[in-house]
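# Observations on the three-dimensional arrangement
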Amino acid sequence: MSVAERRQGGLHKENIRVVLVQPSHPGNIGASARAMKNMGLSQLVLVKPADFPSGVAVGRAASALELLERAQVVDSLETAVADCGLIIGASARRRSIPWPMLDPAGCARKILQAMVENKVALVFGREDSGLNNEELQQCHFHVQIPANPDYSSLNLAAAVLLVCYELYKASQAESGSDNHYVAELPDGDWDQKWSTGEKVELFYEHLERVLIGVDFHDPDNPRQLMQRLRRLFGRIRIDEMEMNILRGILSNIEKAINDRRH
Ligand code: SAH
């Protein structure tokens, strides 16, 4: 795509999906769909919803019914974000290993930069327990909506609305009064796409195997090694070419270990 074509941008909102992980209340699914449509988004993915399809969800979706009809239902977050080059998880709390944080406006800027050439996932957690550590560690960034420190946990659909609102607002600022998402150049006009969630997961599996193979990593005494490495690589974001290089290095290390054993 030429720079001029990218500047003209057009609609890339189909590259953005909202992922709800194990929502327990169908009303929240419907209200999230409505919030998405209000803010110009259309791709809803549900990971193991407790109750879906549901009349309650339909009622709360109002005129956003088609989002529910087209919603994709999947078994795991990994599947939901497998083809995404940017994954952002919404979380009300700081975790034991702090992750790169964004506020909703910063989150919107990141997405506008990435969405021309990458699929982007905005991930929201369960009503009762949010996203677990493993899920949060699949994200490049966490977005936190500033709120009363004594009660910072918003209703799920309200959180979806606020994050999508900032995205809508930022896209409007970029496109003037035009009612479209017009994206700016992808991160500094990068020459490669970002590696997708699926490829990054395969890389971490490969890396862990090699680290065990060279006796650096003891799975019985992991000391948060893999979480720390995930955070390290997540902070950079790896592009497709870099991923090929990293996988090649790991394969050669494995080969060298095997050659020495024989
Ligand atoms: N009790 C849960 C919060 C669940 S609220 C917890 O403590 O983690 C359901 C989901 O809404 C969360 O998983 C998160 O994705 C989103 N959410 C709620 N409040 C938020 C906030 N202040 N910032 C970012 N996301 C929030």
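To keep things clear, this report deals only with the structure shown in the data block. (Residues numbered from 1 in each chain as written. Predicted model: local features only at pLDDT ≥ 70, side-chain atom pairs only at ≥ 80, totals over all residues. Heavy atoms only, no water.)

## A word on the pattern of salt bridges
A side chain with one charge may pair with a side chain of the opposite charge, provided their charged atoms come close. Throughout the structure, instances matching the rule amount to seven salt bridges. With a closest N to O distance of 3.5 Å, Arg209 and Glu254 form a salt bridge. Placement of Arg209 in helix α9 (residues 197-213) and of Glu254 in helix α11 (residues 240-261) is noted, with a sequence separation of 45 residues between them. Owing to a relative accessible area of 24%, Glu254 belongs among the partly exposed residues under this scheme. With a shortest N-O distance of 3.5 Å, Asp259 and Lys255 are connected by a salt bridge. Here Lys255 and Asp259 lie together in helix α11, a separation of four residues that amounts to about one turn. The exposure class assigned to Asp259 is partly exposed, which follows from its relative accessible area of 47%. By relative accessible area, which is 51% here, Lys255 ends up exposed. (Salt bridge = Lys/Arg side-chain N within 4 Å of Asp/Glu carboxyl O. Helix = DSSP H or I, 4+ residues; strand = E, 2+ residues; numbered from the N terminus. Buried < 20%, exposed > 50% of the residue type's maximum accessible area, 1.4 Å probe, protein only.)

## Some thoughts on the site of the ligand
Taken together, 21 residues lie around the ligand, and Ala90, Arg93, Ile145, Ser152 and Leu154 are the ones closest in. Between the ligand and Asp128 there is a distance of 3.2 Å, counted from a nitrogen atom to a backbone nitrogen or oxygen. Its residues placed into classes, the shell around the ligand shows nine nonpolar, seven polar and five charged. (Near = heavy atom within 4 Å. Polar contact = N/O pair within 3.5 Å; in protein donor to acceptor, adjacent residues only side chain to side chain. Nonpolar A, V, L, I, M, F, W, Y, C, P; charged D, E, K, R; others polar.)

## Some thoughts on the packing of aromatic side chains
Under the defined criterion, the tally for this structure stands at two aromatic pairs. On the basis of an interplanar angle of 45° and a centroid distance of 5.5 Å, the ring pair of Phe203 and Tyr204 is categorised as tilted. Judged by relative accessible area, Phe203 falls into the buried class, the value being 1%. Aromatic side chains Phe203 and Phe233 sit 5.1 Å apart centroid to centroid with 90° between the ring planes, which places their arrangement in the edge-to-face category. Pair noted here: Phe203 is in helix α9 and Phe233 is in helix α10 (residues 225-236), with a separation of 30 residues, a long-range link. (Phe/Tyr/Trp six-rings, centres within 6.5 Å; stacked < 30°, edge-to-face > 60°.)

## With respect to the environment of Gly197
Here Gly197 is to be found in helix α9. In this structure, the C-alpha to C-alpha distance between Gly197 and Leu77, residues 120 residues apart in sequence, is 9.8 Å. Ignoring anything within four residues of it in the chain, the contact list for Gly197 reads Val81, Ala82, Cys84 and Ile87. (Contact = heavy atoms within 4.5 Å.)

## Structural notes on the sheet that holds strand β7 (residues 141-143)
The strand order across the open sheet formed by seven strands is β3-β2-β1-β6-β4-β7-β5, and the pairing between neighbours is parallel. Each edge of the open sheet carries a strand with a single partner, namely β3 (72-74) and β5 (101-102). Pairing of strand β2 (residues 43-47) with β3, which is carried by three bridges, proceeds in the parallel orientation. The residue of β3 that forms the bridge with Leu46 is Val73. (Pairing = 2+ DSSP bridges.)

## Digging into the pairing of strand β4 (residues 84-90)
The buried count for β4 comes to seven of seven residues, which makes it a mostly enclosed element. The pairing of β4 with strand β6 (residues 119-124) spans five bridges and is parallel. Considered in β6, the bridge of Ile88 is made with Leu122. Both β4 and β7 contribute to a ladder of three bridges, which runs parallel. Paired with Gly89 across the two strands is His142, which belongs to β7.

## Quick word on the side chain of Asn15
Here Asn15 lies in the loop between α1 (3-8) and β1 (16-21). Asn15 has contacts with Met115, Val116, Asn118, Lys119 and Val120, leaving out every residue within four places of it along the chain.

Structural measurements only, silent on function.
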